[in-house]
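Coordinates in review
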Amino acid sequence: MKHLQINSLQRFLLFVYSPLLLPSIILFLLSSKRNIVLSDIQAKYTGDSPTLKHLCFMLVKDKSFRNLFYFRLGTVGKILSLFLPRNSDTFIKPSLKLGKGCRFVHAHCTHINCNKIGEGLIIYHCVTIGGINGGTPIIGNNVSIGCNTCILGDIKIGNNVKIGAGSVVTKNVPDNCTVVGNPAIIVKRNGEKVCEKL
């Protein structure tokens, strides 16, 4: 369990940034996506019930979270990014249907160009999710995607899947698997070590 702990320097930064945070807080409170944003915060701080303090802290400290927050708020998020800039090297397709409880971990140089991702996504930096010949991936629930990973084409990634760092995935991945490598192979299925081609 991870709890939010704010030291005196971070409290000072929150105080300094508070005028910039005010528009985000107001629009968050008025938003219909409030519960989804709170679930994204809960994905990082599993030991706490998410509060406005968590939201403010993450908006100041975590540019990756800002990208996710602005994506959740849609067009309003583009305006808010004028006050606190987003990661310019991270792209999320505006029409993406993204489930709740998403967590970006240092999601720099990340490109997400697909139509649907389930709940509980954990994504690290330098990830590319995109299409080949017009088809894009569909990603299930509780998927963890390691850094420097490419997921390409009209494929389906199942539920409860872990994709190791540096993997290149161009074929369907079944539920409850761990895949690694280029090209990716299954190294664990339902908790059992295996070595299977996709």
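Since we're looking at a predicted model, the values are computed, not measured.

Turning to the overall build of the chain, a few remarks are in order. Helices and strands together make up the secondary structure of the chain, namely five helices and 16 strands. Its C-alpha atoms give the chain a radius of gyration of 18 Å, near enough to 16 Å, the size a compact globule of 198 residues would have. Seen along its three principal axes, the alpha-carbon backbone of the chain occupies a region of about 55 × 35 × 25 Å. Looking at the chain residue by residue over its 198 residues, the buried ones come to 44%. Taking all contacts inside the chain whose residues are at least 6 apart in sequence as the whole, residues at least 24 apart take part in 23%. With the model as given, the accessible surface of the chain reaches about 10300 Å², and the carbon-plus-sulfur share is 57%.

The next point concerns helix α2 (residues 34-44). Of all the residues in α2, the buried ones are V37, S39, D40, I41 and K44. Contact partners of the buried residues in α2: α1 (8-30), α3 (52-61), α4 (63-73) and β3 (103-104).

We now examine α1. Of all the bends in α1, the greatest, near 65°, is centred on S18, and the proline P19 appears no more than four residues after it. If you check which residues of α1 are buried, you get Q10, L14, L21, S24, I25 and F28.

Each value, and the rule that gives it
- Residues numbered from 1 in each chain as written.
- Predicted model: local features only at pLDDT ≥ 70, side-chain atom pairs only at ≥ 80, totals over all residues.
- Heavy atoms only, no water.
- Helix = DSSP H or I, 4+ residues; strand = E, 2+ residues; numbered from the N terminus.
- Rg over C-alpha atoms; globule rule 2.2 N^0.38 Å.
- Buried < 20%, exposed > 50% of the residue type's maximum accessible area, 1.4 Å probe, protein only.
- Contact = heavy atoms within 4.5 Å.
- Areas by Shrake-Rupley, 256 points an atom, 1.4 Å probe, with all protein chains shown as cover.
- Bend = angle between axes of the 7 residues up to and from the residue.

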